[in-house]
Amino acid sequence: MSIWKTSDNKAIVSSTTFESGGGSIAPIPEGTSVLAAPVEVRWKSYEEEDYISIQWQVLAPAEYKNRRVFQKVKVNEPDSAKADRAKKMLTAIDANAGGHLIAAGKEPDDSAMTQYLVGKPMVLKLGLWEINDKTGNWVQAVSPKAGTAPPATAAPAAPIVDDDVPF
């Protein structure tokens with residue numbers, strides 16, 4: 001079967017326009033806790049600003065499963081207070097994933113972040129942003145998955161009570 005034919009073997013007519021339909025998906029409500037794991041972590045740059053981009057995949061609860069949350073961790077932010085918060089966020093993410101990046105004692109590269117962070121589930125508390133009539137989610141907080149403890153080398157994270165998280 002050719003890629004230029006439909007599943008019922010009809011030729012696809014050349015066209016310069018296409019609309020697949022579907023609709024927009026509403027963001028996850030403010031303050032919702034989800035179990036998620038990074039599926040991509042890498043350095044990115046926008047308007048001469050370098051930041052760590054994390055793409056999270058929601059694992060639970062079922063109503064949000066497989067949704068994606070995009071996070072910018074701006075560890076190089078010119079505002080030192082914001083940069084410090086971003087560094088603490090990265091440290092918490094690393095601690096929940098085993099603490100390997102901070103233990104290395106150097107700035108992580110894409111390879112190290114992929115190796116040590118991707119696929120490591122943790123609980124995210126999500127916020128809601130709205131800019132220019134668009135809305136989306138942002139990561140307010142991270143904490144360990146219920147029933148897990150951070151490694152001894154990591155700073156202890158605030159515990160999650162099983163009653164607070166439905167998974």
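Heads up: the structure comes first, above all this text.
Reading the values: rules and limits
Residue numbers restart at each chain and count upward from 1, following the sequence in its written direction. Reporting of local features is limited, given that this is a predicted model, to residues whose pLDDT is at least 70; pairs of side-chain atoms are given and counted only at 80 or more, and all residues count toward the totals for whole chains, interfaces and linings. Derived side-chain values reflect all non-hydrogen atoms in the structure, with water molecules and hydrogen atoms excluded from consideration. Salt bridge, as used here, is a side-chain nitrogen of Lys or Arg placed within 4 Å of a carboxyl oxygen of Asp or Glu. Think of it this way: any DSSP run of H or I at least four residues long counts as a helix, any run of E at least two long counts as a strand, and we number them from the N terminus. Per-residue accessibility, obtained with a 1.4 Å probe over protein chains only, is compared with the maximum for each type, and a residue is labelled buried under 20%, exposed over 50%, and partly exposed between these values. The arc in question is formed by the directions pointing from the helix axis toward the C-beta atoms. Here, residues are in contact when the closest pair of their heavy atoms is within 4.5 Å. A pair of strands is considered paired only if DSSP assigns at least 2 bridges between the two. Orientation is described by axes fitted as lines to C-alpha atoms, over the contacting stretch for helices, and by angles from 0 to 180 degrees between their N-to-C directions. Surface patches are drawn from residues lacking salt bridges whose relative accessible area is over 30%; two like charges belong together within 9 Å, two nonpolar side chains (Val, Leu, Ile, Met, Phe, Trp, Tyr) within 5 Å. Using a 1.4 Å probe, accessible areas were evaluated by the Shrake-Rupley method; residue-level cover was limited to the displayed protein chains. Only four residue types enter the charge count: Lys and Arg as positive, Asp and Glu as negative, with His and the chain ends excluded. Where a charge sits is defined by one atom per residue type, namely NZ (Lys), CZ (Arg), CG (Asp) or CD (Glu).

(A) Expanded view of the pattern of salt bridges. Applying the stated criterion across every chain, the model contains three salt bridges. Lys10 is the partner of Asp8 in a salt bridge, and the nearest nitrogen-oxygen pair spans 3.8 Å. A salt bridge links Lys74 to Glu49; its shortest N-O distance comes to 3.8 Å. Within this pair, whereas Lys74 is found in the loop between strand S3 (68-73) and helix H1 (80-96), its partner Glu49 is found in strand S2 (residues 49-60), the two being separated by 25 residues in sequence. With a relative accessible area of 21%, Glu49 lands in the partly exposed category.

(B) Broad picture of helix H3 (residues 110-117). Of the positions making up H3, those classed as buried are Ala112, Met113 and Leu117. All buried residues of H3 lie within an arc of 100 degrees about the axis, which places them on one face of the element. Along H3, exposed side chains directed more than 90 degrees from the buried face belong to Ser111 and Gln115. On its buried face, H3 is in contact with strand S1 (33-46), S2, H1 and helix H2 (100-104). Two residues or fewer after H3 comes Gly119, characterised by a positive phi angle close to 85 degrees.

(C) Structural view of the sheet that holds strand S4 (residues 122-131). Reading across from one edge, S3-S2-S1-S4-S5 is the order of the five strands in this open sheet, with antiparallel pairing throughout. The sheet is open, and its two edges are formed by S3 and strand S5 (134-144), each paired on a single side. Averaged over all pairs of adjacent strands, the angle between their axes in this sheet comes to 35 degrees, without regard to strand direction. The sheet contact formed by S1 and S4 spans four bridges and is antiparallel. Residue pairing for S4: Leu35 is matched across the bridge by Val123. Set on the sheet, H1 makes contact with S2, S3, S4 and S5; between it and S5 the angle comes to about 60 degrees. On the sheet, H3 packs against S1 and S2 and is oriented at approximately 175 degrees with respect to S1.

(D) View of unusual backbone geometry. Note the cis peptide between Ala60 and Pro61, where omega equals 5 degrees. Here Pro61 is to be found in the loop between S2 and S3. A positive phi angle, close to 50 degrees, is found at Glu47, a residue other than glycine. Assignment of secondary structure puts Glu47 in the loop between S1 and S2. If you check the backbone angles, Asn132 has positive phi at about 50 degrees while not being a glycine. Using a relative accessible area of 71% as the deciding quantity, one classes Asn132 as exposed.

(E) Seen up close, a negative patch on the surface. On the surface, Asp50, Glu107, Asp109 and Asp110 cluster together into a patch of negative charge. Mapped onto the fold, Asp109 is located in the loop between H2 and H3. Take Asp109: its relative accessible area is 44%, and that puts it in the partly exposed class.

Shape descriptors only; they carry no functional weight alone.
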